[in-house]
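Close look at the chain arrangement
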Amino acid sequence: TWTTGSVVEEQIALIREQVGDKRAICGLSGGVDSAVAAALVNKAIGDRLTCVYVDHGLMRKGETEQVEKDFVAATGVQLKVVDASERFLDALKGVTDPEEKRKIIGREFIRVFEQAQAEIVAEAGEHGESVDFLVQGTLYPDVVESGGGTGTANIKSHHNVGGLPEDLQFQLVEPLRKLFKDEVRMVGQELGLPEEIVQRQPFPGPGLGIRIVGEVTKERLDLLRDADAIAREELTAAGLDREIWQCPVVLLADVRSVGVQGDGRTYGHPIVLRPVSSEDAMTADWSRLPYDVLAKISTRITNEVRDVNRVVVDVTSKPPGTIEWE
Ligand code: XMP
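It should be emphasised that the depicted structure is a prediction, and the values quoted were computed from it without experimental measurement.

1. What to know about the overall build of the chain
Across its full length, the chain holds ten helices and twelve strands. The principal-axis extents of the C-alpha atoms in the chain amount to approximately 70 × 45 × 40 Å. Residue burial in the chain is summarised as follows: out of 326 residues, 41% are buried. Of the contacts made within the chain by residues no fewer than 6 positions apart, 75% connect residues no fewer than 24 positions apart.

Structure representation (structure tokens):
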């Protein structure tokens, strides 16, 4: 029978068997899945695990600082932070196709992990064993939607499954591969991770890169970050964080519409709010948010975010829509 205790014990044994006396690195994204995977592997192999947080410049406001502080405080893992924002922006230049974006981001993640691997080995000096293993917080739904690692996405290539490069040098350690999100949260709780991490809403590894419909640029990212921060702030203030599964905020960068502000004409971009409720992200329903909360978010975004003159709400279930727009 399924108990979180038995899953933890079983996975720890499997991780020890797989990794042996070698070293591993774990990509941390700030989300629940990678945090729980890291905590599991940390428990299994201790300080032979180094966590690597890649700041790809596609994070939301305040997220990088949160990982640096909260996660390390909670788990005591060794953390290496890599600022790779220029590298990701360069690689994404001119790209508008969603699958292409996902594959590029997945590939760049691995390239950064390889660099980190080389540095970790060098820093360990003569006592340094090689780092052969890469820990990922891949969940069961990620595997299914990416086509089970067959190379062809059923729906979309999750950055950590279908987005991996073919010449991958690492062996993957994926202790959550058979679990759904609610189970991962229970495992996290069992491992003693704090509520703020365990109950965090999902956020995709490719980050804001797949929430800009159109080319990803620094200016667009800054704009979307501001709009997203306002939406999150108001949803939290309204006490809705536990009620909604997540609320992607999407910038339609290639769409413009006419507006009026003060006594002047504007020609700006729409922001889409995509609040959903879900059990496991495989299906979802759009959340019926209170009108006054929507009104507040809309007023604030159009007042405070330059170049945005319209806020719309996505009222599509999954299926037929997916949760993310790309
Ligand atoms: P979709 O858009 O497929 O999203 O309905 C389902 C859930 O998965 C998240 N998501 C991702 N998570 N890497 C991730 O770690 C990815 O590439 C990725 N793509 C989507 C999405 O936020 C939702 O919770």
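2. Some thoughts on the nonpolar core
Of all hydrophobic cores here, the largest spans 75 residues; its most connected members are Ala24, Cys26, Val36, Val41, Val135 and Ala227. Of the residues forming this core, the biggest block, ten residues, is contributed by helix H2 (residues 32–45). Built from parts of two domains, this core gets at least three residues from each of domain 1 (4–198) and domain 2 (211–313). Leaving out residues up to four positions away in the same chain, Val135 has contacts with Ala24, Ile25, Cys26, Ala37, Ala38, Val41 and Val173.

3. Concerning the pairing of strand E1 (residues 23–28)
As a general feature of sheets, a regular strand has side chains that alternate between the two faces. Of all six residues making up E1, six are buried, and the element is well covered by its neighbours. Residues Arg23, Ile25 and Gly27 point to one face of E1 and Ala24, Cys26 and Leu28 to the other, with burial holding for every one of them. Across four bridges, the pairing between E1 and strand E4 (residues 131–135) is parallel. Pairing of Ile25 across the sheet is with Leu134, part of E4. Across five bridges, E1 lies against strand E2 (residues 49–55) in parallel orientation. Bridge pairing links Gly27 to Val52 in E2. Crossover E1 to E2 through H2 is right-handed.

4. Quick notes on the site of the ligand
Taken together, 16 residues lie near the ligand, and Pro202, Pro204, Thr322, Ile323 and Glu324 sit nearest. Partitioning the shell around the ligand into residue classes produces six nonpolar, five polar and five charged.

5. Looking at the domain arrangement of the chain
By domain assignment, the chain separates into domain 1 (4–198) and domain 2 (211–313). Here the C-alpha centre of domain 2 lies 28 Å away from the C-alpha centre of domain 1. The interface is formed by 13 residues belonging to domain 1 together with twelve residues belonging to domain 2. Those elements that place two or more of their residues in the side of domain 1 that touches domain 2 are helix H4 (85–92) and helix H7 (181–190). Looking at the side of domain 1 that touches domain 2 residue by residue, the class counts come to six nonpolar, three polar and four charged.

6. A look at the packing of H4 against helix H5 (residues 98–124)
Each pair of packed helices gets described by two things: the angle between the helix axes and the distance between those axes. Running from N to C, H4 and H5 point in directions that differ by 145°, and their axes come no closer than 10 Å. Our pair here, H4 against H5, has a crossing hand that is right-handed. Seen from H4, the contacting residues are Arg87, Phe88, Ala91 and Leu92; seen from H5, they are Lys101, Ile104, Ile105 and Glu108.

7. Some words on the sheet that holds E2
Taking strand neighbours across the sheet as the criterion, the five strands line up as E3-E2-E1-E4-E5 in an open arrangement whose pairing is parallel. One side of each edge strand has no neighbouring strand; the edge strands of this open sheet are strand E3 (78–83) and strand E5 (171–173). With direction set aside, neighbouring strand axes in the sheet form an average angle of 30°.

8. A word on the UniProt feature "binding site: ATP" (unreviewed entry) in the chain
The feature "binding site: ATP" (unreviewed entry), as given by UniProt, occupies Ser29, Gly30, Gly31, Val32, Asp33, Ser34 and Ala35 in the numbering adopted here. Examined against the element boundaries, Gly31 turns out to sit in the loop between E1 and H2. Not counting residues within four places of it along the chain, the set of residues in contact with Gly31 comprises Arg200, Pro202 and Phe203. Considering the arrangement of structural elements, one finds Val32 in helix H2. Residue classification places Val32 among the buried residues on the basis of 24 C-beta atoms within 10 Å. With near-sequence residues (within four places) excluded, Val32 lies in contact with Val184, Arg185, Gly188, Ile197, Val198 and Arg200.

9. As for the packing of helix H1 (residues 4–19) against H7
It is the contact of H1 with H7, at a shortest axis distance of 9 Å, that shows an interaxial angle of 80°. Comparing their axes, H7 and H1 come out roughly perpendicular. Touching Thr4, Gly5, Val7 and Val8 of H1 are Met186, Val187 and Glu190, all from H7. Tallied by class, residues from the contact of H1 with H7 come to four nonpolar, two polar and one charged.

10. Some words on unusual backbone geometry
The omega angle of the peptide bond from Lys318 to Pro319 is -15°, so this bond is cis rather than trans. The omega torsion across Pro319 and Pro320 is 10°, close enough to zero to call that bond cis. Of note, Pro320 is situated in the segment after strand E12 (308–313). Phi angles above zero are rare outside glycine, and Ala281 is one such case at about 70°.

Thresholds, definitions, all that
Residues numbered from 1 in each chain as written. Predicted model: local features only at pLDDT ≥ 70, side-chain atom pairs only at ≥ 80, totals over all residues. Helix = DSSP H or I, 4+ residues; strand = E, 2+ residues; numbered from the N terminus. Buried ≥ 20, exposed ≤ 12 C-beta atoms within 10 Å, placed from the backbone. Contact = placed C-beta atoms within 7 Å. Core = buried A, V, L, I, M, F, W, Y, C linked by C-beta atoms within 7 Å. Domains from an automatic or database assignment. Pairing = 2+ DSSP bridges. Right-handed = clockwise from strand over helix to strand, strands pointing away. Near = placed C-beta within 6 Å. Nonpolar A, V, L, I, M, F, W, Y, C, P; charged D, E, K, R; others polar. Axes fitted to C-alpha atoms, helices over the stretch in contact; angles between N-to-C directions. Left-handed = near helix turned anticlockwise from the far one by under 90°. UniProt positions renumbered as here; feature names shortened; annotations may be inferred. Parallel < 35°, antiparallel > 145°, perpendicular 65-115°, else oblique.

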